[in-house]
Amino acid sequence: MSLFDDAVLVLKGYEGQPELRDVYLEHLAAHPGGMYKPCTAGHLTASALVVDPARGRVLLTLHKKLGMWLQMGGHCEEGDPTVEAAALREATEESGIAGLTLLPGGPVRLDRHPIPAPCHWHLDVQYAALAPADAVEQISDESLDLRWFAYDEVAGVADTSVVRLVEGTLARLS
């Protein structure tokens, strides 16, 4: 199965945000290359919020280009077998934490946001990744900083999309 086919199956199985989910599916139907960065009409991205439930915190990255605190994530690559694998790869690369596992149940949320030309949209498929008890983060070249934030601190440092991702993750954890 191709990454494109996997994305369609994941999105069709995602029960939240039906209007936005349909936008994603319509995008893929109209753009067979819509999984990857060269698609200037927009492309899917995969991200994961790294969470440490035992300590009540999440790991955010200070994005190098945007200067914003965000979850780990980025572009799908040709070698990614699934959207989940892309999200886990990005979370592992950007956090430096080995042994992350995705929270069961598929995507936590979807978030569509504009980006500068030549592309116009990121259609982000957002997961949550559980950090192992002995997790030690290591900053990557894509980040200015990595920092753990208590759940209730996120709203003070991050935008609404990250806050909603934290809320969705906490709902799934309970």
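Reading the values: the criteria
Residues numbered from 1 in each chain as written. Predicted model: local features only at pLDDT ≥ 70, side-chain atom pairs only at ≥ 80, totals over all residues. Heavy atoms only, no water. Helix = DSSP H or I, 4+ residues; strand = E, 2+ residues; numbered from the N terminus. Rg over C-alpha atoms; globule rule 2.2 N^0.38 Å. Buried < 20%, exposed > 50% of the residue type's maximum accessible area, 1.4 Å probe, protein only. Contact = heavy atoms within 4.5 Å. Areas by Shrake-Rupley, 256 points an atom, 1.4 Å probe, with all protein chains shown as cover. Polar contact = N/O pair within 3.5 Å; in protein donor to acceptor, adjacent residues only side chain to side chain. Salt bridge = Lys/Arg side-chain N within 4 Å of Asp/Glu carboxyl O. Expected span 1.5 Å × (residues − 1). Phe/Tyr/Trp six-rings, centres within 6.5 Å; stacked < 30°, edge-to-face > 60°. Lys NZ or Arg CZ within 6 Å of the ring centre and 35° of its normal. 1 Å grid on protein atoms, 1.4 Å probe; cavity = no way out; pocket = protein on both sides within 12 Å on 5 of 7 lines; lining within 4 Å. Points joined across faces, edges and corners; volume = space filled by probe spheres on them. Nonpolar A, V, L, I, M, F, W, Y, C, P; charged D, E, K, R; others polar.

Asker: Outline the overall build of the protein, listing residues and values.
Answerer: Helix and strand counts for the protein stand at 5 helices and 8 strands. Counting helices and strands in the order they occur from the N terminus, the protein gives α-α-β-β-β-β-α-β-β-β-β-α-α. The C-alpha radius of gyration of the protein comes to 15 Å, within 12% of the 16 Å expected for a compact globule of 174 residues. C-alpha extents for the protein along the principal axes are approximately 45 × 35 × 30 Å. Residues counted as buried form 47% of the 174 residues belonging to the protein. Once local pairs closer than 6 in sequence are excluded, the contacts in the protein between residues at least 24 apart make up 66%. Total accessible area on the protein is roughly 8500 Å²; 55% of this is exposed by carbon and sulfur atoms.

Asker: Give a detailed account of the environment of Val-154, specifying residues and quantitative values.
Answerer: Within the fold, Val-154 resides in helix H4 (residues 154–157). Through-space distance from the C-alpha of Val-154 to that of Leu-60 is 8.9 Å; in sequence the pair is 94 residues apart. Excluding anything up to four places from it in sequence, Val-154 contacts Val-58, Leu-60, Phe-149, Val-162, Val-163 and Val-166.

Asker: Before we move on, could you go through the side chain of Thr-169 and cite the residues and values that matter?
Answerer: You can see Thr-169 is positioned in helix H5 (residues 160–173). Reaching out from Thr-169, the side chain makes a polar contact with the backbone oxygen of Leu-165 at a distance of 2.8 Å.

Asker: How would you sum up the pattern of salt bridges? Please name residues and give values.
Answerer: For the structure on display, the rule yields 8 salt bridges. Close ionic contact of Arg-55 with Asp-52 constitutes a salt bridge, the shortest N to O distance being 3.1 Å. Here Arg-89 makes a salt bridge to Glu-90, at a shortest N to O gap of 3.0 Å. For the pair Arg-89 and Glu-90, a shared accessibility class is recorded, and that class is buried. Each of Glu-77, Asp-80, Arg-89, Glu-90 and Glu-93 takes part in one network of salt bridges that share partners.

Asker: Would you mind going over helix H3 (residues 83–95) in detail, with residue names and values included?
Answerer: For H3, built from 13 residues, the straight-helix expectation of 18 Å at 1.5 Å per residue is met to within 8% by its first-to-last C-alpha distance of 18 Å. Phi for Gly-96, located one or two positions after H3, is positive at around 75°.

Asker: Give a detailed account of the packing of aromatic side chains, specifying residues and quantitative values.
Answerer: For any pair of aromatic rings, the description rests on two quantities: the centre-to-centre distance and the angle between the ring planes. This structure, assessed with the given rule, holds 1 aromatic pair. Residues Trp-69 and Phe-149 carry aromatic rings whose centres are separated by 5.1 Å and whose planes lie at 75° to one another, so their mutual orientation is edge-to-face. Of this pair, Trp-69 sits in strand S3 (residues 69–70) while Phe-149 sits in strand S8 (residues 143–150); the two residues are 80 residues apart in sequence, bridging distant segments of the chain. The class of Trp-69 is buried, set by a relative accessible area of 11%. On the accessibility criterion, Phe-149 (5% relative accessible area) is buried. It is Arg-57 that lies over the ring of Trp-148; its NZ or CZ is 4.0 Å from the centre.

Asker: Go over the layout of surface pockets, please, and point to the residues and values.
Answerer: Size it by volume and the largest pocket reaches roughly 1000 Å³. Lining the largest pocket are 35 residues, with His-63, Leu-66, His-75, Ile-115 and His-122 positioned closest to its centre. Every element with two or more residues in the lining of the largest pocket is listed here: strand S1 (43–52), strand S2 (57–63), strand S4 (72–75), H3, strand S6 (109–114) and strand S7 (121–130). Residue classes in the lining of the largest pocket are distributed as 10 nonpolar, 14 polar and 11 charged.

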